[in-house]
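# Architecture and fold: a report
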Amino acid sequence: AAAAAAAAAAAAASGAAAAGGAASAAASGGGGGGGVGTIHSPEYAGTGVDVLDGRGFAAQLSSADAAPALVVFFAPWCGHCKKMVPEVAKAASKLRGSGVRVVAVDCDRAPEVARALGIKGYPTVKFMARGKASGYEGPRTALQLASFAQSRAALDRYVLRWVDKAVAAVRNMIQRPQPSAAAP
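Our subject in this report is the structure included herewith. Here the structure is a predicted model, which means the values were calculated and not measured.

### Considerations on the overall build of the protein
Along its length, the protein carries five helices and six strands. Each helix and strand of the protein, placed in order from N terminus to C terminus, yields the pattern α-β-β-α-β-α-β-α-β-β-α. Looking at the protein as a whole, 42% of its 184 residues qualify as buried. Considering only intrachain contacts with a sequence separation of at least 6, the fraction spanning at least 24 residues in the protein is 72%. With the model as given, the accessible surface of the protein reaches about 9,700 Å², and the carbon-plus-sulfur share is 58%.

What follows is the structure, encoded as structure tokens:
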């Protein structure tokens, strides 16, 4: 279900970009340095956290080969979101070099992503890897956020290794010559 929601969010975000999402990214000051759909957000300026609009979410997080990311879905007017920014910035610092990105999605600028993922309140934190989302309901401290992201990333790496081994074993079985039946 999470994969379907992420795919729906990507489709909705792609449609929004075609309908003018690129214009809104340019109008917002665009180019936070993180690539397509990265926008400027005063809340996260200078924190090392990329802020994405719908187009950025679709391009950077929803594909099957997307890198793991701790994602904070926020609204700029939300007091709890503002209070959480320093902890998210510290978590980004702790996760630097771990292979896990920390990004934020401004749901005022990407309502289609919030709708598609069923986000009803702010802030909402999810871990995303390979286009799939896992929710987080724990404490909103840097240590807990970073620990959650690291454990989910380790689980994701373990699952990928297991799948790779299983695929290799099946290929090996298929490629082995089958013993021929003895003639009577």
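Still to come is the rest of the account.
### Some remarks on the environment of K126
Mapped onto the fold, K126 is located in strand β5 (residues 124–129). Sequence separation between K126 and L145 is 19 residues, and the spatial gap between their C-alpha atoms is 9.8 Å. If near-sequence neighbours (up to four positions away) are discounted, K126 is found in contact with A69, L70, V71, F73, L117, I119, A133, S134, G135 and F148.

### Some points on the packing of aromatic side chains
Within this structure, the stated rule accounts for five aromatic pairs. Ring geometry for Y44 versus F74: centroids 5.3 Å apart, planes at 65 degrees, classification edge-to-face. Pair noted here: Y44 is in the loop between β1 (38–39) and β2 (50–52) and F74 is in strand β3 (residues 69–74), with a separation of 30 residues, a long-range link. Across the pair, exposure class does not vary: Y44 and F74 are buried alike. Here a set of aromatic residues connected by ring pairs shows up, and it is made of F127, Y136 and F148.

### Concerning unusual backbone geometry
Following Y122, the chain continues to P123 via a peptide bond in cis, the omega torsion being -10 degrees. Summarising the element assignment, P123 is placed in the loop between α4 (111–117) and β5. The backbone of R130 shows a phi angle near 50 degrees, a positive value even though the residue is not glycine. Structurally, the position occupied by R130 is in the loop between β5 and β6 (132–136).

### Let's talk about the pairing of strand β4 (residues 101–106)
Within β4, five of the six residues are buried, which leaves the element mostly enclosed by the surrounding structure. Pairing analysis gives three bridges linking β2 to β4, with the strands arranged parallel. Its bridge partner lying in β4, V51 is registered against A104. Relative to β4, β3 runs parallel, the two sharing six bridges. Among the inter-strand pairings, F73 is bridged to a residue of β4, identified as V105.

### Regarding the pairing of β3
β3 sits mainly inside the fold: six of its six residues count as buried. The two faces of β3 match: A69, V71 and F73 on one face and L70, V72 and F74 on the other face are all buried. In this fold, the crossover linking β3 to β4 by way of helix α3 (residues 79–95) has right-handed handedness. By the bridge criterion, five bridges tie β3 to β5 in an arrangement that is antiparallel. Bridged to V72 within β5 is V125.

Rules used in this analysis
- Residues numbered from 1 in each chain as written.
- Predicted model: local features only at pLDDT ≥ 70, side-chain atom pairs only at ≥ 80, totals over all residues.
- Heavy atoms only, no water.
- Helix = DSSP H or I, 4+ residues; strand = E, 2+ residues; numbered from the N terminus.
- Buried < 20%, exposed > 50% of the residue type's maximum accessible area, 1.4 Å probe, protein only.
- Contact = heavy atoms within 4.5 Å.
- Areas by Shrake-Rupley, 256 points an atom, 1.4 Å probe, with all protein chains shown as cover.
- Phe/Tyr/Trp six-rings, centres within 6.5 Å; stacked < 30°, edge-to-face > 60°.
- Pairing = 2+ DSSP bridges.
- Right-handed = clockwise from strand over helix to strand, strands pointing away.

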